Structures are given as structure tokens and as C-alpha cells.
Amino acid sequence: MGRITINDIIALKKSDKRISMLTAYDFYSARFVDQAGVDIILVGDSLGMVIQGREDTLAVSVDDMVYHTTMVRRGSKRALIVTDLPFMSYQISKEEALKNAGRIMKEAGAGAVKLEGGKNVAPQIKAIVDTGIPVMGHLGLTPQSVHQLGGYRVQAKGKEQAIKLIEDALVLQDSGVFAIVLETIPLELAKLVSEKLDIPTIGIGAGFYCDGQVLVFHDLLGYDQDFKPKFIRNYSNLNQIITKDIKKYINDITNNQFPNDEESYHMNPQTIEEVKKELEKDEYL
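Along each chain, numbering runs from 1 in the same order as the chain's sequence is written. Where totals are concerned, whole chains, interfaces and linings use all residues; where local detail is concerned, this predicted model gives features only for residues with pLDDT of at least 70, and gives and counts side-chain atom pairs only at 80 or more. Side-chain metrics in this entry use all non-hydrogen atoms of the structure; hydrogen atoms and water are not considered.

(A) Spotlight on the sheet that holds strand β3 (residues 80-84). Two strands make a pair as long as DSSP finds a minimum of two bridges between them. Helix and strand labels come from DSSP, where a helix needs a run of H or I of at least four residues and a strand needs a run of E of at least two; each type is numbered from the N terminus. Around the barrel, eight strands lie side by side as β1-β2-β3-β4-β5-β6-β7-β8; this closed barrel has parallel pairing. Neighbour to neighbour, the strand axes of the sheet diverge by 25° on average, direction disregarded. Relative to strand β7 (residues 201-204), strand β6 (residues 179-183) runs parallel, the two being bridged by four bridges. Paired with Leu 182 across the strands is Gly 203, a residue of β7. We call two residues in contact when some of their heavy atoms are within 4.5 Å. Axis angles are defined between N-to-C directions and span 0 to 180 degrees, where every axis is a line fitted to C-alpha atoms and, for a helix, only to the segment in contact. Here helix α4 (residues 62-75) sits on the sheet and contacts β2 (40-43) and β3; the angle it forms with β3, its principal contact strand, is near 165°.

Written out as C-alpha cells, the structure is:
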């Protein structure tokens, strides 16, 4: 079976089957996610926070996205790979947007790109789509605009903001996006948007009416127990598991229990005796 395509994703909405999407940033995370059967792997600019340790996504570069997408491509065989266009890689002009989307597709092997915004980025989206590059949209809490939005908080709770989001979603659909991520908005609004659009919606903090869901790999697996927004469900607690195992490793070293005899390589007994005799010569004394 070949890779999932955007047509397969659109068909899932029509068949009323929920779409699974998860981030991955390297070879092994991509392999885990792909082997588990996820539909879409998102190489998110969230790597700025969960991989690079930054406070936000703004410093992530196109080079970063190409680098990480290349690794994800190597680690996956089935899932559709969608890569974020990072901050200021598409906002300036259609030409910049085309150039950077092209790099991510050509150099890294992504199957689509994702960018944030509504009507304001519709010309860039149309230009990218017209060249044959699939685009996923992103509305609601758009992390690249976190300073303008006043932080990571629920969006479009009021009437005017809700109507604007619906209008933006329709514009994105008309511009050619094959799906839209809806982030941190009320589930009632996500329901309206999902029913209004012919293309799938992928929710993160947007409730269960969306056509699919996405989470960050590290959040799903519980890497950081101090980071727990309402919409995240930890399916594991790797923070605790990994820390416990590293402590066991340190303890085994301290108590000379690692490595043991079976974990060591051995020399032929006769050979080691010959080496010892050689070392008894005057030149080694």
C-alpha cells in the first residue's frame, strides 16, 4: 500500500470515519507513529518548543523544517506527511510562500504544507495550491500569532469572532485547502464549521465534533507532566518511566552491576595469557 493522499483524507470525511493526526519530528518518532497506523504525520513548528526548548515557535526556520521533515520521511512509509511553513516564511509575499513551500516539498519530501491564518493568507494559499502543492489551513489559536492573540487562550468565544472564523474557514476552502486545523475554540463553533465545510476539520482543543484530531507526540506520551492544558490526554507517563530507568542505570553503575559478564566481550584465554607474558618483557617494565 502506498502513502495516504489528500484525496484519501477528504474521503474519510465523506465516509464519516474520524481522521487521526499526530506530530513527529525525527526518524524514530515517525516510525512509531507510522507503524501504529496514524493517517497524517504533522511535522509541526511546535518542534521549536518540544525539540529546541524555546518558549514559542517563532524562531523556527525553513531549514529546521526541511531537516526534520527529511528524517520523518525516512521513518515513515504510509502516513501523509504535512509540514508547517514557519513564521515569516509565507506572510511577506506569494513569491516567498511559493519558494519556501517548494523547498519543503522538493528537498524534504513532504506531501503537503500547513500554514496559519484566514483571509489574510488566502492569496498565498491559492498561489501554492495552483502550483500543485497541497495546503492544510489552521484557524483559531494560531501559535505564530501568540503575541497578537495575548497568549495561549481559547479563541472565538464571542459572536463576532465566531462569525469571522467561519468566514475565514470558507475563504480557505475556496482558496483550495484540503483540510483545516481548528485549535482551541469552543466545540459548538467547531461543530458549526465542520458541518459547513466540505473538507475535513482536524481539532486540537476544539472538541469531538471535528472530523479528526491532532496532538503533539510528546504531549500524548507524557514527556512533561507540568504541561497539561485541558485538551491534552496523556496516554503514557514517559517523564516518570524514563526518569526511573535512568536512575536505575546510574545506580547499577554505582554498584558495579552494569555491565555484567554477559554484557561484556571476551578474549580467547590463551591470547590473554600470551599478552600478559609479552608485558613481562623488560621493555614494558
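(B) Examining the side chain of Gln 155 more closely. Within the element layout of this structure, Gln 155 appears in the loop between α7 (146-149) and α8 (159-175). For every residue, the accessible area obtained with a 1.4 Å probe (protein chains only) is divided by the maximum for its type, and the residue is called buried under 20%, exposed over 50%, and partly exposed between those limits. Relative accessible area serves as the criterion here: at 13%, Gln 155 is assigned to the buried category. Aside from chain neighbours lying at most four places away, what touches Gln 155 is Gly 140, Leu 141, Leu 149, Thr 184, Ile 185 and Pro 186.

(C) Region of the structure containing helix α11 (residues 238-254). Expected helix span is computed as 1.5 Å times (number of residues minus one). The end-to-end C-alpha distance of α11 is 24 Å, a good match for the 24 Å that 17 residues give at a rise of 1.5 Å each. After α11 finishes, the residue Asn 256 shows a positive phi value of roughly 55°.

(D) Inspection of the pairing of β3 at higher detail. In terms of burial, β3 is a largely internal element, five of the five residues being buried. Sheet analysis places β2 next to β3, joined by four bridges and oriented parallel. Residue pairing in the sheet places Leu 42 in a bridge with Val 82 of β3. By the bridge criterion, three bridges tie β3 to strand β4 (residues 112-114) in an arrangement that is parallel. Counterpart to Thr 83 in the pairing with β4 is Val 113. Of the crossover connections in this fold, the one passing from β3 over helix α5 (residues 94-108) to the parallel β4 is right-handed. With the strands aimed away from the viewer, a crossover counts as right-handed if its path from the first strand over the helix to the second runs clockwise.

(E) Layout of the nonpolar core. With 54 residues, the main nonpolar core has Ile 128, Ile 180 and Leu 182 as its most contacted residues. Ile 128 has contacts with Leu 85, Ala 97, Leu 98, Ala 101, Val 113, Leu 115, Ile 133 and Val 135, leaving out every residue within four places of it along the chain. The next biggest cluster of nonpolar side chains, apart from the first, holds 18 residues, and it includes Ile 9, Leu 12, Ile 40 and Ile 202. For this analysis, a nonpolar core means a set of buried residues of the types Ala, Val, Leu, Ile, Met, Phe, Trp, Tyr and Cys, connected via side-chain atoms within 4.5 Å.

(F) A nonpolar patch on the surface, seen in detail. Surface patches are defined over residues having more than 30% relative accessible area and no salt bridge, joining like charges when they lie within 9 Å and nonpolar side chains (Val, Leu, Ile, Met, Phe, Trp, Tyr) when within 5 Å. Note that accessible areas follow from Shrake-Rupley with a 1.4 Å probe, and for residues the cover is restricted to the protein chains shown. Think of a salt bridge as a Lys or Arg side-chain nitrogen and an Asp or Glu carboxyl oxygen that are within 4 Å of each other. Together, Tyr 223, Ile 242, Ile 246, Tyr 249, Ile 250, Ile 253 and Phe 258 make up an exposed nonpolar region whose accessible area comes to about 630 Å². Structurally, the position occupied by Tyr 249 is in helix α11. The exposure class of Tyr 249 is partly exposed, given its relative accessible area of 45%.

(G) Quick look at unusual backbone geometry. Note the cis peptide between Phe 258 and Pro 259, where omega equals -5°. If you trace the backbone, Pro 259 turns up in the loop between α11 and α12 (269-279). One non-glycine residue with positive phi stands out, namely Asp 16, at about 65°. On the secondary structure map, Asp 16 appears in the loop between α1 (6-14) and β1 (19-23). Positive phi is not limited to glycine here, since Met 88 has a value of about 65°. Residue position: Met 88 is located in the loop between β3 and α5.

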